[in-house]
Amino acid sequence: MSDTYFPNVSPIAFEGADTDNPLAFAFYEADRVVAGRSMAEHFKFAVSYWHSFGQGGADPFGGPTQLRSWHEGGDAQSRARRKMDAAFEFFTKLGVPYYCFHDYDLVEEGATLAESNARLAEATAWAKEHQEDSGVKLLWGTANLFSNPRYMNGAATNPDFSVVARAGAQVKSAIDATIELGGENYVFWGGREGYISLLNTDMKREQEHMARFLGMARDYARAQGFKGCFFIEPKPMEPTKHQYDYDSATVVGFLERYGLANDFKLNLEVNHATLAGHSFEHELQVAADAGMLGSIDANRGDEQNGWDTDQFPINSFELTQAMMVILKAGGLAGGGVNFDAKLRRNSTSMDDLFIAHIAGMDAFAKALVAADRVLSSPDYQQILQQRYSSFDQNEGKAFEDGQLQLECLDELAQESPDLGRQSGKQERLEQIVWRELMRP
Ligand code: XUL
Ligand code: CO
């Protein structure tokens with residue numbers, strides 16, 4: 001293992017709940033079996049290339065603060081090479097099995113499409129070697145269809161066909177790179193796919209273009225032998241005022257409407273859910289109920305503002321409720337847990353990057369154990385079973401089976417005694433979740 005970029009950090013070990021060592025896991029134990037699978041298998045943790053190795057710390061009022069040696073000196077490909085060496089040293093020391101990238105995280109975009117493609121092909125070859133040496137795998141690849149000014153009016157939904165074609169070329173190369181690296185999934189996040197003003201927007205036509213574009217990408221990848229899943233990552237806004245992939249329910253409807261539901265699932269991000277006015281577990285549940293719960297982008301927002309702050313996840317009470325949905329759904333379909341999270345602007349030291357990921361992995365591990373205990377708790381099961389029990393027999397069952405007409409409901413209501421006001425037991429359920437989380 002190389003020791004060039006993080007010389008003061010040894011491979012991160014599990015030390016147990018009593019550890020005082022910030023560079024050790026307190027709860028995440030890769031091989032520990034919970035609900036029939038190891039923690040490593042449940043989560044398939046991935047580090048995001050962009051937040052962790054890109055130019056970090058910039059905000060609308062000032063430039064980057066997290067200055068790293070791989071951002072400086074040499075030509076573009078030498079910077080890309082050093083960045084990748086640093087990234088794989090980090091993945092290996094942290095002990096994560098996966099990483100995720102956009103095409104132009106691996107390399108800087110060139111002056112022409114041909115130059116960008118050549119750079120990407122070269123970096124793909126380096127990544128392949130690194131993957132073979134380290135055993136780290138690619139959870140998903142994607143194309144950055146939002147940073148370049150050419151995408152200011154959208155990529156797949158741009159009103160100018162020449163931009164749509166350019167976006168297609170970029171997706172083709174990003175799919176090629178993903179396949180070459182054995183990527184298990186391919187992601188579409190449409191940050192510029194939406195509108196700023198309806199006055200200049202033909203929404204129906206743009207959405208049809210988006211569906212056509214996604215179908216073409218799917219057909220190309222399948223023809224190249226790609227067996228993985230395609231994920232759409234919903235987000236309601238930011239950077240565009242209104243994005244077409246608003247939330248889980250919107251995307252499920254879109255995929256079904258355009259015949260894409262067999263190949264596409266959802267990649268759900270915590271802070272995107274909260275921007276849409278939903279809890280994360282709501283978004284997970286909508287996807288799970290549609291059989292489309294594919295992957296998650298782990299992070300958290302800030303309770304006091306409405307931005308996509310992409311902070312590292314730390315709230316195990318909320319994560320427990322998310323893990324309950326994931327466990328009940330039988331796990332993530334093909335995906336994993338990608339830390340789409342960034343350090344705060346003033347967290348500038350190298351160990352901050354390790355600590356942020358370690359704390360996030362620990363928070364998930366604690367939540368998984370608690371979620372499994374809640375789901376197996378007789379009290380929890382009984383409260384839920386009891387709540388819907390009137391549909392398990394007699395007229396309630398006949399209603400579910402479609403055997404009653406509205407007149408029957410009228411008759412039953414006439415005969416029925418006083419209507420039940422059965423407690424929803426929310427506080428008791430929260431107590432169960434909290435106690436299971438606190439239990440050692
Ligand atoms: C942006 C976001 C993206 C996607 C990949 O909010 O989440 O980084 O995850 O394009
Ligand atoms: Co994301």
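Note that the structure is predicted; figures quoted are calculated from it, not measured.

Conventions adopted
- Residues numbered from 1 in each chain as written.
- Chains lettered and ligands numbered in written order.
- Predicted model: local features only at pLDDT ≥ 70, side-chain atom pairs only at ≥ 80, totals over all residues.
- Heavy atoms only, no water.
- Near = heavy atom within 4 Å.
- Polar contact = N/O pair within 3.5 Å; in protein donor to acceptor, adjacent residues only side chain to side chain.
- Areas by Shrake-Rupley, 256 points an atom, 1.4 Å probe, with all protein chains shown as cover.
- Nonpolar A, V, L, I, M, F, W, Y, C, P; charged D, E, K, R; others polar.
- Patch = residues over 30% accessible without salt bridge, like charges linked within 9 Å, V, L, I, M, F, W, Y side chains within 5 Å.
- Salt bridge = Lys/Arg side-chain N within 4 Å of Asp/Glu carboxyl O.
- Lys, Arg positive; Asp, Glu negative; His and termini not counted.
- Charge placed at Lys NZ, Arg CZ, Asp CG, Glu CD.
- Helix = DSSP H or I, 4+ residues; strand = E, 2+ residues; numbered from the N terminus.
- Buried < 20%, exposed > 50% of the residue type's maximum accessible area, 1.4 Å probe, protein only.
- Donors = N, O, S within 2.8 Å, 3.2 Å for Na, K, Ca; no water.
- Tetrahedral: all angles 85-135°; square planar, octahedral: opposite > 155°, others 65-115°.
- Core = buried A, V, L, I, M, F, W, Y, C linked by side-chain atoms within 4.5 Å.
- Contact = heavy atoms within 4.5 Å.
- pLDDT = per-residue confidence, 0-100.
- Phe/Tyr/Trp six-rings, centres within 6.5 Å; stacked < 30°, edge-to-face > 60°.
- Pairing = 2+ DSSP bridges.

### Structural notes on the site of ligand 1
- Taken together, Trp50, His102, Trp140, Trp189, Glu233, Lys235, Glu269, His272, Asp297, Asp308 and Asp340 make up the full set of residues adjacent to ligand 1.
- At a separation of 3.2 Å, an oxygen atom of ligand 1 approaches a polar side-chain atom of Asp308.
- With the chains in place, 93% of the 290 Å² that ligand 1 exposes on its own is no longer accessible.
- A breakdown of the residues in the shell around ligand 1 according to their chemical character gives three nonpolar, two polar and six charged.

### What to know about a negative patch on the surface
- Taken together, the side chains of Glu395, Glu407, Asp410, Glu411 and Glu415 make up a negatively charged region of the molecular surface.
- Counting through the fold element by element, Asp410 comes out in helix α15 (residues 406–415).
- Taking the relative accessible area as the measure of exposure, Asp410 reaches 45% and is therefore partly exposed.

### Remarks on the coordination of the cobalt ion (ligand 2)
- Around the cobalt ion (ligand 2), the protein contributes the donor atoms Glu233 (OE), Glu269 (OE), Asp297 (OD) and Asp340 (OD), at 1.9 to 2.1 Å from the metal centre.
- Every donor counted, the six donor atoms about the cobalt ion (ligand 2) form angles of 81 to 173 degrees at the centre, which fits octahedral coordination.
- Mapped onto the sequence, the residues coordinating the cobalt ion (ligand 2) show the spacing E-x35-E-x27-D-x42-D. Of the two residues, Asp297 sits in strand β13 (residues 293–298) while Asp340 sits in the loop between β14 (337–339) and α12 (350–376), which places them 43 residues apart along the sequence. As far as the burial class goes, Asp297 and Asp340 line up, both buried.

### Concerning the nonpolar core
- Membership of the largest hydrophobic core comes to 119 residues, with the highest contact counts inside it found for Phe91, Leu94, Tyr99 and Phe188.
- Here this core takes 14 residues from α12, the largest share from any one element.
- Each residue touching Phe188, except ones within four places of it in the same chain, is listed here: Thr142, Val171, Phe213, Leu214, Ala217, Phe230, Phe231, Ile232, Glu233 and Phe264.

### Things to note about the confidence of the model for the protein chain
- In this model, the protein chain carries a mean pLDDT of 97, and residues with pLDDT of at least 70 account for 100%.
- At the low end of the mean pLDDT range in the protein chain sits α15, at 94; at the high end sits strand β7 (residues 137–142), at 99.

### A closer look at the pattern of salt bridges
- Going through the model one piece at a time under the given rule, you end up with 19 salt bridges.
- Put simply, Arg79 and Glu108 hold a salt bridge, and the shortest N to O gap is 2.8 Å. You can see Arg79 sitting in helix α3 (residues 76–94) and its partner Glu108 sitting in the loop between α4 (103–106) and α5 (113–134), a full 29 residues away along the chain.
- Exposure remark for Arg79: the relative accessible area of 18% places this residue in the buried category.
- Several salt bridges converge on common partners, so that one network encompasses Arg218, Asp219, Arg222 and Asp263.

### Focus: the side chain of Ser52
- The topology assignment puts Ser52 in helix α2 (residues 49–53).
- Accessibility expressed as a relative area gives 4% for Ser52, which makes it buried.

### Looking at the packing of aromatic side chains
- Across all of its chains, the model carries 32 aromatic pairs by this definition.
- Considering the side-chain rings of Phe43 and Phe364, the 5.8 Å spacing of their centres and the 75 degrees angle between planes classify their relative orientation as edge-to-face. In this pair, Phe43 sits in helix α1 (residues 39–43) while Phe364 sits in helix α12, placing the two residues 321 residues apart along the sequence.
- Residue Phe43 is classed as buried on the basis of its relative accessible area, which comes to 0%.

### Notes on the pairing of strand β6 (residues 98–102)
- Where burial is concerned, most of β6 is hidden: five out of the five residues are buried.
- Side-chain alternation along β6 places Tyr98, Cys100 and His102 on one buried face and Tyr99 and Phe101 on a second face that is also buried.
- Alignment of strand β5 (residues 45–48) against β6, held across three bridges, turns out to be parallel. The residue of β6 that forms the bridge with Ser48 is Cys100.
- As defined by bridge partners, β6 adjoins β7 across five bridges and the pair is classed as parallel. Across the sheet, the residue bridging to Cys100 is Trp140, located in β7.

### Topic: the pairing of strand β10 (residues 229–232)
- Residue alternation in β10 divides its side chains into two sets, Cys229 and Phe231 and Phe230 and Ile232, and both sets are buried.
- As paired elements, strand β8 (residues 185–188) and β10 share four bridges and run parallel to each other. Bridging across to β10, Tyr186 finds its partner in Phe230.

### A short note on the environment of Ser390
- With respect to the element layout, Ser390 can be found in the loop between α13 (378–387) and α14 (394–400).
- Between the alpha carbons of Ser390 and Lys366 there is a distance of 35 Å; along the sequence they are 24 residues apart.
- Contact partners of Ser390, with chain neighbours within four places excluded, come to Gly396 and Lys397.

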